[in-house]
Amino acid sequence: MNLEDIIKDTNTYYCLECGKCTSVCPVARYDKCFSPRMIIENALLGFEDELVLDRELFSCLTCYMCQSECPSDVDFPVFVREARSLAQGKGQHGICAHSGQLQSLARLMTSPNLKQKRLEWLSQEHRVSEKSDVLFWVGCAPYFEPIFEDIGFSALGITKASLKILNSLGIEPKLLPNERCCGHDALWTGDVDTFKKLAEYNAAQIKEAGVKKIVFACPEGYRTFKLDYPDYVDLDCEVQHISELLAEKIAENSHLSGKLMEIKKKVTYQDPCRLGRHLGVYDAPRKILEAIPGIELVEMKHSGLEAICCGTSAFTNCDSYSNALRAERLSEAVETGAELLITACPKCQTHFRCAQVDKGEEHRPTPKIEVIDLINLVADAIGEGGKSSKKK
Amino acid sequence: MAGFEPQIIAFCCNWCTYAAADLAGTSRMQYPANVRIVRVMCSGMVNPLYVLKAFEGGVDGVLIAGCHLTDCHYIDGPTKCDAMVDKLREMLHVLGLEDERLRREMVAASEGVLFARVIKEMVEQLKKIGPSPFKARTEALA
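The shown structure was predicted, so the numbers you read here are calculated from the model rather than taken from an experiment.

Asks: What's the story with the sheet that holds strand E2 (residues 213-216) of chain A in this structure? I'm lost.
Replies: Each strand in a sheet pairs with another by means of backbone hydrogen bonds, the pair being arranged parallel or else antiparallel. Residue and element names in this part refer to chain A. The parallel open sheet is built from three strands, whose spatial order is E1-E2-E3. Here the strands that pair on one side only, and so sit at the sheet edges, are strand E1 (134-137) and strand E3 (238-241). In this sheet, neighbouring strand axes are inclined to one another by 25° on average, regardless of whether the strands run parallel or antiparallel. Pairing of E2 with E3 involves four bridges; the strand directions are parallel. Counted as the bridge partner of Val215 is Gln240 from E3. Running at roughly 155° to E3, helix H13 (residues 219-232) makes contact with E1, E2 and E3 of the sheet. Helix H14 (residues 242-251) contacts E2 and E3 of the sheet and is inclined by roughly 85° relative to E3.

And the structure:
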């Protein structure tokens with residue numbers, strides 16, 4: 001795709017240069033060099049090199065805050081995504097966080113004869129079934145485990161809790177022993193070749209497995225399957241985030257609602273950008289929180305459509321601005337007086353935890369609040385003790 | 001697997017293992033020519049991405065070798081390296097890579113004999129387990 005096609009596809013010609021995008025952009029508030037309006041303007045004036053060689057191109061969080069305000073409905077996040085694929089063609093990759101190992105893992109997973117050992121954590125307490133037509137997507141959790149154990153985050157803790165909850169609903173899901181990375185990060189950093197290959201491998205495996213429905217505990221995987229896979233591969237099954245599934249079951253008044261035990265806690269909820277603004281799932285997680293007796297939900301100053309992002313997406317350009325953004329969000333959470341910050345995205349959790357153990361605080365200490373995943377909270381409520389941060 | 005010659009990338013610390021490799025050479029010790037040495041200032045600076053990139057490039061094994069724990073020129077490089085290797089090993093295991101493909105050794109500047117032995121052993125092991133599963137990917141790209 002060339003720049004002109006990208007401009008056409010994303011409604012960029014309709015830009016009124018009103019600058020609303022820049023005024024609501026969370027990055028632009030801290031990073032004065034970053035301006036969605038300027039990026040669009042450079043593109044419209046045909047300054048392709050200025051656009052793609054600028055490191056700021058990779059600073060966009062693709063959190064969809066700008067588009068929610070745009071009077072012309074310019075799809076800026078998709079514009080950025082496509083512009084990044086042009087940038088990749090010119091050797092620009094952005095500055096990868098965690099030394100770029102996560103991006104490298106995604107590329108390694110495009111090997112044809114890969115035999116992963118990704119399900120070794122599975123134990124007797126989790127019931128899975130080969131014959132089931134419901135697939136649970138494990139995603140990058142087994143890879144995140146060693147990388148993020150230093151900050152006390154266990155991605156597999158979320159996976160295990162999800163399986164226990166599904167089991168208690170009477171669902172014995174199928175797990176794919178050789179599923180690949182969904183390619184979310186590859187796609188959003190402009191590495192379309194890698195994304196395409198991963199999507200093809202995954203689609204082939206899913207087709208072979210003959211599943212009707214895929215359940216996700218990760219909003220990024222969910223978004224990728226729901227909105228991006230249809231453009232590249234043919235995937236004939238329903239996809240659902242586990243929070244939607246749980247909210248459905250609670251509304252049906254299934255036996256799950258009876259099982260929820262009391263947890264006396266004041267909590268606040270972080271809308272992950274992928275689940276919220278990308279897919280419009282705001283109510284399901286809140287309904288689950290309401291259903292747990294004893295839980296008092298207090299909203300932060302910015303919530304729902306206005307929720308502030310956790311500060312980094314696709315593990316690129318994580319810098320002091322991202323950290324400032326995190327500190328701001330954490331202080332909003334602390335101001336509510338809540339004891340727990342609940343999120344529904346594993347990556348939000350890594351970023352919020354990371355900010356709290358950060359030793360390089362320059363201005364003031366980062367506010368402290370415990371962060372856990374919604375799924376771990378539900379697992380605790382049904383007594384399946386999904387202790388999120390305990391490992392081994 | 002007849003005629004398979006494994007390719008190895010060795011990250012060697014400037015102060016110990018690189019000198020050991022030099023010693024092995026000047027002492028005319030024989031060891032297989034399957035290894036390409038990358039000199040780094042300290043084993044503690046080897047980043048997980050260096051190793052992953054080497055595998056992406058299609059090598060069959062990676063060796064990270066540096067000073068013994070108390071010999072480090074920068075005080076605690078080997079400890080950092082060990083911690084990094086532990087995590088990386090876990091990830092490579094999940095990815096389905098054989099443990100033998102990533103080797104961590106401590107070779108002092110005087111241990112030229114040890115360096116030659118490590119390379120010999122590693123080449124033998126890799127010949128047994130065959131080419132890296134990621135090779136097919138690199139060949140497909142070429």
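Now that the structure is up, let's keep going.
Asks: How do you make sense of the interface of chain B and chain A when you look at a structure like this?
Replies: Where interface size is quoted, it is often the accessible area lost as the parts come together. Residue-level contacts link 18 residues of chain B with 20 residues of chain A. For the side of chain B that touches chain A, the elements supplying multiple residues, two or more each, are helix H2 (48-56), helix H3 (77-94) and helix H5 (135-141) of chain B. No other element matches the six residues that H2(B) contributes to the side of chain B that touches chain A. For the side of chain B that touches chain A, the per-class residue count stands at ten nonpolar, three polar and five charged.

Asks: Help me out: how do you make sense of helix H10 (residues 155-168) of chain A in this one?
Replies: An α-helix turns once per 3.6 residues; consequently, residues spaced three or four apart project the same way. Residues and elements named next belong to chain A. For H10, built from 14 residues, the straight-helix expectation of 20 Å at 1.5 Å per residue is met to within 8% by its first-to-last C-alpha distance of 20 Å. Taken across its 14 residues, H10 has eleven buried, putting it largely inside the fold. Within H10, burial applies to Ala155, Gly157, Ile158, Thr159, Lys160, Ala161, Ser162, Leu163, Lys164, Ile165 and Leu166. Tucked into the core, H10 has its buried residues touching E1, helix H9 (141-148), H14, helix H19 (346-357), strand E7 (370-373) and helix H20 (374-381). Among the residues trailing H10, Gly170 stands out with phi positive, at a value near 85°.

Asks: When you look at the sheet that holds strand E6 (residues 340-343) of chain A in this model, what are you seeing that I'm missing?
Replies: Residue and element names in this part refer to chain A. Read across the sheet, four strands follow the order E5-E4-E6-E7 without closing on themselves; strand pairing throughout is parallel. Two strands bound the open sheet, and with one partner strand each, they are strand E5 (295-297) and E7. Within this sheet the neighbouring strands show an average axis-to-axis angle of 40°, counted without direction. Here E6 pairs with E7 via four bridges, running parallel. Its bridge partner being in E7, Ile342 is matched across the sheet by Ile372.

Asks: Teacher, can you tell me more about the packing of helix H1 (residues 17-26) of chain B against helix H4 (residues 112-129) of chain B here?
Replies: Packed helices, taken two at a time, are described by the angle between their axes plus the distance between the axes. Residues and elements named next belong to chain B. At their nearest, the axes of H1 and H4 sit 7 Å apart, and the two run at 90° to each other. Judged by the inter-axis angle, H1 sits roughly perpendicular to H4. Here H1 contributes Thr17, Ala20, Ala21, Leu23 and Ala24 to the contact with H4, which in turn contributes Gly112, Phe115 and Ala116. For the contact of H1 with H4, the per-class residue count stands at six nonpolar, two polar and no charged.

Asks: Please clarify how the environment of A:Ser104 should be interpreted in this entry.
Replies: Within the fold, A:Ser104 resides in helix H8 (residues 101-108). Considered as a pair, A:Ser104 and A:Ala186 are 82 residues apart in the sequence and their alpha carbons are 9.6 Å apart. In this structure A:Ser104 touches B:Leu49, B:Leu52, B:Lys53 and B:Glu56, once residues within four positions along its chain are discounted.

Asks: Explain the environment of B:Val62 here, please?
Replies: Residues and elements named next belong to chain B. One can find Val62 in strand E3 (residues 61-66). A C-alpha to C-alpha distance of 11 Å links Val62 and Glu105, two positions 43 residues apart in sequence. Setting aside anything within four residues of it in sequence, one finds Val62 in contact with Ile9, Val51, Ala54, Arg101 and Leu102.

Rules and cut-offs
- Residues numbered from 1 in each chain as written.
- Chains lettered and ligands numbered in written order.
- Predicted model: local features only at pLDDT ≥ 70, side-chain atom pairs only at ≥ 80, totals over all residues.
- Pairing = 2+ DSSP bridges.
- Helix = DSSP H or I, 4+ residues; strand = E, 2+ residues; numbered from the N terminus.
- Axes fitted to C-alpha atoms, helices over the stretch in contact; angles between N-to-C directions.
- Contact = placed C-beta atoms within 7 Å.
- Nonpolar A, V, L, I, M, F, W, Y, C, P; charged D, E, K, R; others polar.
- Expected span 1.5 Å × (residues − 1).
- Buried ≥ 20, exposed ≤ 12 C-beta atoms within 10 Å, placed from the backbone.
- Parallel < 35°, antiparallel > 145°, perpendicular 65-115°, else oblique.

Structural measurements only, silent on function.
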